[in-house]
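Observations on the three-dimensional arrangement
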Amino acid sequence: LDGTGDTQNWITGCSGPYGIAVNGTHVYWTNYNRSTMGRADLNGTNPNQTWISGFAGPLGIAVDGTYVYWANYWNDTIGRANLDGTGATHNWIMGCNGPSGVAVDGTYVYWTNYYDDTIGRADLNYPDTPTQDWIKKCFSPDGIAVDGTYVYWANYETNTIGRANLDGTGTPTQDWITGCDQPAGVAVDGTYVYWANYWPNKIGRADLNHPDTPKQDWIDGCFGPDGIALTPAPTITSF
């Protein structure tokens, strides 16, 4: 977590891995080219590249204490399954437009609509009434993350990280962090926000209190990084 000791081939055998998520026992990822979800023990052992199948271009992924969630890019839906891999529902939320990133807290699930330039949101108890344009005027939003106060997303088109209040009030700041290079996945903890710079093969990081001085090459030598996750998972009061 301090940026040292990077291992680029920690888990092998994936096929177009995009989203990644972790909890206290496992690491999960989406195999875009294989339309499957993989899972491994948290130490990287026992990988199963076809842990859940039947997706439609899976991209972003998120987990909470009960479910795993994902974005089906090809059919514009958000899917959900039990955390043990059973009960997969690929059209749990419909009406998205190029969903890419997914995030979740104890009340809502959030996603990026890449083609509509919006952030969508739905109450976990009422997934059939989503708000697809909860945040507007993004720029090809890709990855997304939430903490107890804010929602963060990557504006792939304008090379920025955006931020807004988690309750949806106020005016979103689309250029909260600038100078990224095709930013994709986003993650956050209590001190830093992290993002994947896809094309220059780097992981960026910025202090939450000093977003004007980001380090765009905090980790170098990646290979088209997309998703990003932190472990152990941060303790967020809204989860």
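Residues numbered from 1 in each chain as written. Predicted model: local features only at pLDDT ≥ 70, side-chain atom pairs only at ≥ 80, totals over all residues. Heavy atoms only, no water.

1. Points about the layout of surface pockets
Quantified by volume, the largest pocket comes out at close to 1500 Å³. Lining the largest pocket are 40 residues, and of these Thr7, Gln8, Trp10, Ile20 and Gly227 sit closest to its centre. Top element by residues in the lining of the largest pocket is strand S1 (residues 17–22). It accounts for five residues. Looking at the lining of the largest pocket residue by residue, the class counts come to 25 nonpolar, 13 polar and two charged. (1 Å grid on protein atoms, 1.4 Å probe; cavity = no way out; pocket = protein on both sides within 12 Å on 5 of 7 lines; lining within 4 Å. Points joined across faces, edges and corners; volume = space filled by probe spheres on them. Helix = DSSP H or I, 4+ residues; strand = E, 2+ residues; numbered from the N terminus. Nonpolar A, V, L, I, M, F, W, Y, C, P; charged D, E, K, R; others polar.)

2. Overview of the pairing of S1
In terms of strand pairing, S1 meets strand S2 (residues 26–31) through four bridges, oriented antiparallel. Following the sheet pairing, Val22 is matched in S2 by Val27. The loop that links S1 with its antiparallel partner S2 comprises three residues. (Pairing = 2+ DSSP bridges.)

3. Structural notes on the sheet that holds strand S16 (residues 173–177)
Taken in spatial order, the four strands of this open sheet run S13-S14-S15-S16, and their pairing is antiparallel. The sheet terminates laterally at strand S13 (141–146) and S16, the two strands that pair on one side only. Along the sheet, successive strands turn relative to each other by an average axial angle of 35°, direction set aside. Where strand S14 (residues 150–155) meets strand S15 (residues 160–165), six bridges bridge the pair, whose relative direction is antiparallel. In the strand pairing of S15, Trp153 is matched with Gly162. (Axes fitted to C-alpha atoms, helices over the stretch in contact; angles between N-to-C directions.)

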